[in-house]
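Chain and residue survey
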Amino acid sequence: MTAQNSLLYISAPVNALVEGLYREDTTIADILARGDFGIGTFNDLDGEMVVLDGVVYQLRSDGIAYAVTPETRTPFACVTFFRPYSEEEIDQPLDYPGLLALFDRLLPSKNMLYALRLQGFFDYVRTRSVPRQDAYRPLVEVAREQPEFEFERIEGTLVGYWTPNFMQSVAVPGYHLHFLTADKRHGGHLLECRPRHIRISLQHIARLELGLPLTLDYLTADLGRDTSQDLREAEH
Ligand code: ZN
């Protein structure tokens, strides 16, 4: 598959999420029709989403992965049909800055979208999961109280994307990865990791499909504010 044929689907602009719009009508069935690989969250901000090999996992604020029904809804999700065309084996311990530097070398251009899958053994992984929220509480406030989880000597998979900075009202800019343990029971939004033996699979994506929700909340919201500062604080 070429970059031109690869399409990233984003169900709603991330700006709406940053402004506290935590309920939309997009279902998990809609998401799986548009991709088998990706990340996101659930209505009422009820945990972190991982879509891996066509299965959706809901990592709630207890750090545990729950099964998801097709009718479950999401206010924000990014998916693609994952068909990597470059793979890299890493067989040495890396700290997190080292991993980010390696990503930077693997991406031919920062102006493109990329899907990233890292599978293998990690010396250390630190994640968080958002706790369920009432609508309209700004994301940046919610993010200050989210539980964190640490994993040591753990096998698992990181799923996520690189998004160029100029798309920051549409998706989380930079690297945005979610973790799922190999037993598929735990994980969350990645804060930091130290991989030891991993395979990095990379897909170049040259097209974007953006859903604009039709809920009254969305249609009447004021999304004119520059949310880049809030997003940086909430997501990294
Ligand atoms: Zn996340």
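Everything below is about the structure shown above.
Residues numbered from 1 in each chain as written. Predicted model: local features only at pLDDT ≥ 70, side-chain atom pairs only at ≥ 80, totals over all residues. Heavy atoms only, no water.

Turning our eyes to something else, we now look at the environment of V51. Among the secondary structure elements, V51 is positioned in strand β4 (residues 48-52). Judged by relative accessible area, V51 falls into the buried class, the value being 0%. (Helix = DSSP H or I, 4+ residues; strand = E, 2+ residues; numbered from the N terminus. Buried < 20%, exposed > 50% of the residue type's maximum accessible area, 1.4 Å probe, protein only.)

We now examine empty space enclosed by the protein. On inspection of all chains with the given rule, the structure shows two cavities of 30 Å³ or more. Quantified by volume, the largest cavity comes out at close to 140 Å³. Around the largest cavity, the lining is made up of 17 residues, and of these L17, T41, E48, R128 and E235 lie nearest the centre. Mapped onto the lining of the largest cavity, the elements with two or more residues apiece are β3 (37-41), α4 (139-143), β12 (174-181) and α6 (228-235). By volume, the second largest cavity amounts to about 30 Å³. Forming the boundary of the second largest cavity are C78, Y161, T163, A171, V172 and H176. Residue composition of the lining of the second largest cavity, by class: four nonpolar, two polar and no charged. (1 Å grid on protein atoms, 1.4 Å probe; cavity = no way out; pocket = protein on both sides within 12 Å on 5 of 7 lines; lining within 4 Å. Points joined across faces, edges and corners; volume = space filled by probe spheres on them. Nonpolar A, V, L, I, M, F, W, Y, C, P; charged D, E, K, R; others polar.)

One open sheet holds the seven strands; their spatial order is β6-β5-β4-β3-β8-β1-β14, and the pairing between them is mixed. The open sheet has two edge strands, β6 (65-67) and β14 (207-210), and neither has a second partner. Within this sheet the neighbouring strands show an average axis-to-axis angle of 20°, counted without direction. As paired strands, strand β1 (residues 7-10) and β14 are joined by four bridges and run parallel to one another. (Pairing = 2+ DSSP bridges. Axes fitted to C-alpha atoms, helices over the stretch in contact; angles between N-to-C directions.)

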